[in-house]
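Descriptive analysis of the structure
Given next are the chains, with one letter for each unit.
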Amino acid sequence: MSVELEQTLQELKERVGKLEIGTKDQLSMVVFSGDLDKILAAMIISTGAAAYDMKVKLFFTFWAISALRDPKKTAKGKNFIEKMFGIMLPKGAGKVKLSNMNMGGMGTAMIKGIMKKHKVASLPEMFKSAGELGVEINICEMSMNLMGFKKEEMIDYPGLTICGVGTFLSDAQESKIQLFI
Amino acid sequence: MSVELEQTLQELKERVGKLEIGTKDQLSMVVFSGDLDKILAAMIISTGAAAYDMKVKLFFTFWAISALRDPKKTAKGKNFIEKMFGIMLPKGAGKVKLSNMNMGGMGTAMIKGIMKKHKVASLPEMFKSAGELGVEINICEMSMNLMGFKKEEMIDYPGLTICGVGTFLSDAQESKIQLFI
Amino acid sequence: MSVELEQTLQELKERVGKLEIGTKDQLSMVVFSGDLDKILAAMIISTGAAAYDMKVKLFFTFWAISALRDPKKTAKGKNFIEKMFGIMLPKGAGKVKLSNMNMGGMGTAMIKGIMKKHKVASLPEMFKSAGELGVEINICEMSMNLMGFKKEEMIDYPGLTICGVGTFLSDAQESKIQLFI
């Protein structure tokens, strides 16, 4: 091959390589909502994608973090405002409510009953499956600080990490699919 | 051409071909919300994209399915809970409400009046246009089962299909744009 | 090089070039929600992305436009309905409320206090940074017309443009990341 041709091919290979990195078979999702129905949707999409061998990276922020609280754990050294947040926000995946038709908890209970009847996994069970399927969960550091949550209050989840929005952005840049829920 | 060179070119072509499949001029959207304003946004984006010759694939799930109910149709063989859902959830695109400023229906009526005055299509009209423009609508099978909805209660829409989240995921993997509304 | 080889290479280069245009290091976002928490999330992601040298293009529509109103500006020539909207919708980034736990404004005030204490920029400050970082803000023309908002009521923001959904779609088609908030 001529030197010129080799250079052209090398350059093309590099450009194609960059494109491949930027369109990995990966799903990145911001999970923002604290509503049972939306977090269920996020976890159904995530476990579905992981079952199809996609790499899945979730970034839990704001209200959604409540669903990752472990009701059996507590953290020390909180100030008054942080304790208030702890009391006002739902304590774990078993406590989050529907965005719609909650009707004082009756709608939420009804949906949970129907899900059980139809053998759809509950939210805590979905977190368990997600962990087994290798779904990566990151929690937004800024939100943790604002709400006074600490890592030791969160559920046991393989590889659970506290990090900044930069992590979401660099994951999303490489992903084929990005969603904000 | 040398054998080595042909192999290199063939390999590059295949990699580029794969990238092209993964970045089709296609828009995939999860339509989750049951709010008039959000479904309007979804349909404005969808019909806009279809008018620009993009392929559009929508996946209606949870609350959004209510907007696809045909108020003139009924389904038989429902149990008590399924009948309850049928009564509590809005029956069709003409009945869904604003997420905000609904004010007992007054805000929703006001927005509809203004849309008419400005000659913006109503939600039922937008579904009609979407069908004509070839926007594909899929409905989430799991949500249909949970809420006890049946296909025969849904609007007449060209190619309307009931399917699983896997369909959304494989569509989204090939799409340039993915949104969750 | 042979003519045949040159053609093959030329064709490959063109296909790779098209793929590169379609996966620019660019973030396109529909900002639809009028809630303080969601617009904060949108602006944190946007300024983060811009700080990482991504091009960021926002399309403000529906309720989110309220956050771009300048409380010190007014517009003339509004009809009754348009004046009503002006009064009912929040007047600027300082007035938008939490989607959750607003509790008559107490929750919103609490969050703002905590953000200040943790030295997180307020929403008006974030708009300022976004402008300096070159984040592009477009406003949905149809929403402006429906709500009777005029450009002269909006904040001073570098390059602020009123345009249609087509602009969002063509930006999104070229972007690596697209979100709907």
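Below you will find a few notes about this structure.

Focus on the overall build of chain A
- The helix and strand inventory of chain A stands at seven helices and five strands.
- Put simply, chain A runs from its N terminus to its C terminus through helices and strands in the order α-β-α-β-α-α-α-β-α-β-α-β.
- Relative to its length of 181 residues, chain A is extended, with a C-alpha radius of gyration of 20 Å against a globular reference of 16 Å.
- In terms of overall dimensions, chain A has C-alpha extents of about 75 × 45 × 25 Å along its principal axes.

A few points about the pairing of strand 1 (residues 24-31) of chain A
Residues and elements named next belong to chain A.
- Taking burial as the measure, the eight residues of strand 1 include six buried ones, the bulk of the element.
- Here strand 1 pairs with strand 5 (residues 175-180) via five bridges, running parallel. Bridge pairing in strand 5 places Val-30 opposite Phe-180.
- Taken together, the six bridges between strand 1 and strand 2 (residues 55-60) define a ladder with parallel strand orientation. Looking at the pairing, Gln-26 lines up with Lys-55 of strand 2.
- Considered for its hand, the β-α-β crossover made up of strand 1, helix 2 (residues 36-51) and strand 2 is right-handed.

Quick notes on the sheet that holds strand 5 (residues 175-180) of chain C
- Spatially, five strands are ordered 4-3-2-1-5 (chain C) in an open sheet, and the strand pairing comes out parallel. The open sheet has two edge strands, strand 4 (161-163) and strand 5 of chain C, and neither has a second partner. On average, each strand axis in the sheet is tilted by 25° relative to the strand beside it, whichever way the strands run.
- The pairing of strand 3 (residues 136-140) of chain C with strand 4 of chain C spans three bridges and is classified as parallel. Following the sheet pairing, Ile139(C) is matched in strand 4 of chain C by Ile162(C).
- Here helix 7 (residues 165-174) of chain A sits on the sheet in contact with strand 1 (24-31) and strand 5 of chain C, set at roughly 120° to strand 5 of chain C.

Here's the deal with the packing of aromatic side chains
- For the structure on display, the rule yields twelve aromatic pairs over all chains.
- Residues Phe32(B) and Phe62(B) carry aromatic rings whose centres are separated by 5.1 Å and whose planes lie at 35° to one another, so their mutual orientation is tilted. Of the two residues, Phe32(B) sits in the loop between strand 1 (24-31) and helix 2 (36-51) while Phe62(B) sits in the loop between strand 2 (55-60) and helix 3 (80-88), which places them 30 residues apart along the sequence. Of the two residues, Phe32(B) and Phe62(B), neither departs from the other in class, the shared state being buried.
- Grouped by ring-pair contacts, the aromatic residues Phe32(A), Phe62(A) and Phe180(A) constitute a single cluster.

What about unusual backbone geometry?
- The phi angle at Asp53(A) is positive, at roughly 70°, despite the residue not being glycine.
- Along the chain, Asp53(A) turns up in the loop between helix 2 and strand 2.

Brief notes about the interface of chain C and chain A
- Chain C puts 39 residues into the contact, and the matching count from chain A is 33 residues.
- Buried area between chain C and chain A, summed over both chains or domains, comes out near 3200 Å², and the portion from carbon and sulfur atoms is 78%.
- Between the two partners, chain C and chain A, sit one salt bridge.
- In this structure, Arg15(A) and Glu20(C) form a salt bridge, with 2.9 Å as the shortest nitrogen-oxygen distance.
- Counting residues per element, the ones that place at least two in the side of chain C that touches chain A are helix 1 (3-22), helix 2 (36-51), helix 4 (106-117) and strand 5 of chain C.
- Looking at side-chain class alone, the side of chain C that touches chain A contains 25 nonpolar, seven polar and seven charged residues.

Details of the interface of chain A and chain B
- Residue-level contacts link 39 residues of chain A with 33 residues of chain B.
- Summed over the shared surface of chain A and chain B, the result is one salt bridge.
- Counting across the interface, chain A meets chain B through five residue pairs in polar contact (both at pLDDT 80 or more).
- The set of elements that each furnish at least two residues to the side of chain A that touches chain B consists of helix 1 (3-22), helix 2, helix 4 (106-117) and strand 5 of chain A.
- Grouping the amino acids of the side of chain A that touches chain B by side-chain chemistry returns 25 nonpolar, seven polar and seven charged.

Considerations on the relation of the copies chain A and chain B
- Rotating chain A by 120° and translating it 0.0 Å along the rotation axis places it on chain B, where the RMSD comes to 0.0 Å. Both chain copies can therefore be described as sitting about a three-fold axis.

What about the nonpolar core?
- Residues Phe127(A), Phe127(B) and Phe127(C) are the most contacted members of the largest nonpolar core, which totals 186 residues.
- Counting 15 residues, the second largest nonpolar core, distinct from the first, contains Leu9(A), Leu5(B), Leu9(B) and Leu19(B).

A look at the environment of Ala67(C)
All names here are of chain C.
- Looking at the element boundaries, Ala-67 is found in the loop between strand 2 (55-60) and helix 3 (80-88).
- You can call Ala-67 buried: its relative accessible area is 1%.
- Along the backbone, Ala-67 and Gly-17 are 50 residues apart, and their C-alpha atoms lie at a distance of 38 Å.
- Apart from residues no more than four positions distant in its own chain, Ala-67 is found in contact with Ile-39, Gly-92, Ala-93, Val-96 and Phe-127.

Notes on the packing of helix 2 of chain B against helix 5 (residues 123-132) of chain B
All names here are of chain B.
- Where helix 2 meets helix 5, the axes come as close as 10 Å, and the angle between the chain directions of the two elements is 25°. With respect to helix 5, the element helix 2 is oriented roughly parallel. Judged by the twist between their axes, the crossing of helix 2 over helix 5 is left-handed. Along its contact with helix 2, which presents Leu-36, Ile-39, Leu-40, Met-43, Ile-44 and Thr-47, the element helix 5 presents Leu-123, Met-126, Phe-127, Ser-129 and Ala-130.
- Considering only residue class, the contact of helix 2 with helix 5 consists of nine nonpolar, two polar and no charged.

Describing the sheet that holds strand 1 of chain B
Residues and elements named next belong to chain B.
- One open sheet accounts for five strands, arranged 4-3-2-1-5; its pairing is parallel. Every interior strand has two partners, whereas the edge strands, strand 4 (161-163) and strand 5 (175-180), have only one. The mean inter-strand angle of the sheet, taken between neighbouring strand axes irrespective of direction, is 25°.
- Pairing of strand 2 with strand 3 (residues 136-140) involves four bridges; the strand directions are parallel. By the bridge assignment, Lys-57 is partnered in strand 3 with Glu-136.

Reading guide: rules and limits
Residues numbered from 1 in each chain as written. Chains lettered and ligands numbered in written order. Predicted model: local features only at pLDDT ≥ 70, side-chain atom pairs only at ≥ 80, totals over all residues. Heavy atoms only, no water. Helix = DSSP H or I, 4+ residues; strand = E, 2+ residues; numbered from the N terminus. Rg over C-alpha atoms; globule rule 2.2 N^0.38 Å. Buried < 20%, exposed > 50% of the residue type's maximum accessible area, 1.4 Å probe, protein only. Pairing = 2+ DSSP bridges. Right-handed = clockwise from strand over helix to strand, strands pointing away. Axes fitted to C-alpha atoms, helices over the stretch in contact; angles between N-to-C directions. Contact = heavy atoms within 4.5 Å. Phe/Tyr/Trp six-rings, centres within 6.5 Å; stacked < 30°, edge-to-face > 60°. Buried area = accessible area lost by both parts, 1.4 Å probe. Salt bridge = Lys/Arg side-chain N within 4 Å of Asp/Glu carboxyl O. Nonpolar A, V, L, I, M, F, W, Y, C, P; charged D, E, K, R; others polar. Polar contact = N/O pair within 3.5 Å; in protein donor to acceptor, adjacent residues only side chain to side chain. Least-squares fit on C-alpha atoms with pLDDT ≥ 70 in both. Core = buried A, V, L, I, M, F, W, Y, C linked by side-chain atoms within 4.5 Å. Parallel < 35°, antiparallel > 145°, perpendicular 65-115°, else oblique. Left-handed = near helix turned anticlockwise from the far one by under 90°.

Read these as layout, nothing more, since geometry by itself doesn't imply function.
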